[in-house]
Amino acid sequence: MTILTITRDDLKKLCALDLTDTTPDAALDAVIAAEQSVLEYVLDPAVLMASPGSEGLRATLTLGVSETLSGSYLRRLARAPGATDDFHIGPLNVSASKTDSLPQIAERLAAQGLKRLEPFLRASKMVASDAVDGSPEGSSKTPLLAAMASTGSLFDASFGLDSGFSEEVMR
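Residues numbered from 1 in each chain as written. Predicted model: local features only at pLDDT ≥ 70, side-chain atom pairs only at ≥ 80, totals over all residues. Heavy atoms only, no water.

### As for the overall build of the protein chain
The helix and strand tally for the protein chain stands at seven helices and two strands. For the protein chain, the succession of helices and strands along the chain, N to C, is α-α-α-α-β-β-α-α-α. The buried share of the protein chain, taken over its 171 residues, is 26%. Partitioning the contacts of the protein chain with sequence separation of at least 6, the portion at a separation of at least 24 is 67%. Surface accessibility of the protein chain: about 11400 Å² in total, with carbon and sulfur atoms responsible for 60%. (Helix = DSSP H or I, 4+ residues; strand = E, 2+ residues; numbered from the N terminus. Buried < 20%, exposed > 50% of the residue type's maximum accessible area, 1.4 Å probe, protein only. Contact = heavy atoms within 4.5 Å. Areas by Shrake-Rupley, 256 points an atom, 1.4 Å probe, with all protein chains shown as cover.)

Here it is, written out as structure tokens:
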């Protein structure tokens, strides 16, 4: 279940696509269906649940997810055969590789979205812990020793006469 409202028109605007063109609709819907819940999962649940009460937070999260999804859609377009090929017709040469190409635009847009979401992401150790229902296991990066109670260190005691050392040792 998704919490943020991401529409295909939002993605079309970010990708600079014509809103009346229905050709990319199925592909945009597929990107939203496949990746929106994944992006929401990596967000801190407390932040995500607080977003309905804060318009600014909700707008920031929605824009970040939309930018990331738009970048993903443009990456798919860039991987299509012939999308980034140079060609020439008579004396006219078109060099897609020498301009700000679709793959570069896609990467920048996706990176911009991820950077916008960065302050609201879960800690990676928390994701691993959540994946195993909060119980750490050998392959997770959850620290095992930090969870155990330990005794004080030898170096925690003050060095003085009140710590049990004799005057002979202190000289």
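### A word on unusual backbone geometry
Even without glycine at this site, A16 takes up a positive phi of about 60°. Its place among the elements puts A16 in the loop between helix 1 (8-14) and helix 2 (25-41). On the accessibility criterion, A16 (69% relative accessible area) is exposed.

### Section: the side chain of R122
Secondary-structure assignment places R122 in the loop between helix 5 (102-117) and helix 6 (124-131). Using a relative accessible area of 15% as the deciding quantity, one classes R122 as buried. At a separation of 2.8 Å, a polar atom in the side chain of R122 contacts the main-chain carbonyl oxygen of Y41. Reaching out from R122, the side chain makes a polar contact with the backbone oxygen of L43 at a distance of 3.3 Å. (Polar contact = N/O pair within 3.5 Å; in protein donor to acceptor, adjacent residues only side chain to side chain.)

### Focus on a nonpolar patch on the surface
Side chains of F87, I89, L92 and V94 sit close together on the surface and give an oily, nonpolar patch of about 380 Å² of accessible area. Elements that contribute at least two residues to the nonpolar patch include exactly strand 1 (87-89) and strand 2 (92-94). Among the structural elements, V94 can be located in strand 2. (Patch = residues over 30% accessible without salt bridge, like charges linked within 9 Å, V, L, I, M, F, W, Y side chains within 5 Å. Salt bridge = Lys/Arg side-chain N within 4 Å of Asp/Glu carboxyl O.)

### Some words on the confidence of the model for the protein chain
Scored by pLDDT, the protein chain comes out at a mean of 78, with 66% of its residues at no less than 70. At the low end of the mean pLDDT range in the protein chain sits helix 7 (residues 167-170), at 50; at the high end sits helix 1, at 96. (pLDDT = per-residue confidence, 0-100.)

### Some remarks on helix 5
Taking 1.5 Å per residue as the helical rise, helix 5 with its 16 residues ought to reach 22 Å, and the 23 Å between its terminal C-alpha atoms agrees with that figure. Against the buried residues of helix 5 lie helix 1 and helix 4 (55-79). (Expected span 1.5 Å × (residues − 1).)

### Observations concerning the nonpolar core
I6, L61, V65 and L69 are the most contacted members of the largest nonpolar core, which has 21 residues in total. Those elements giving two or more residues to this core turn out to be helix 2, helix 3 (45-50), helix 4 and helix 5. At six residues, helix 4 tops the list of elements feeding residues into this core. Sequence-distant contacts of L61, defined by excluding residues within four places in its chain, comprise L4, L43, V47, L48, S51, L117 and F120. (Core = buried A, V, L, I, M, F, W, Y, C linked by side-chain atoms within 4.5 Å.)

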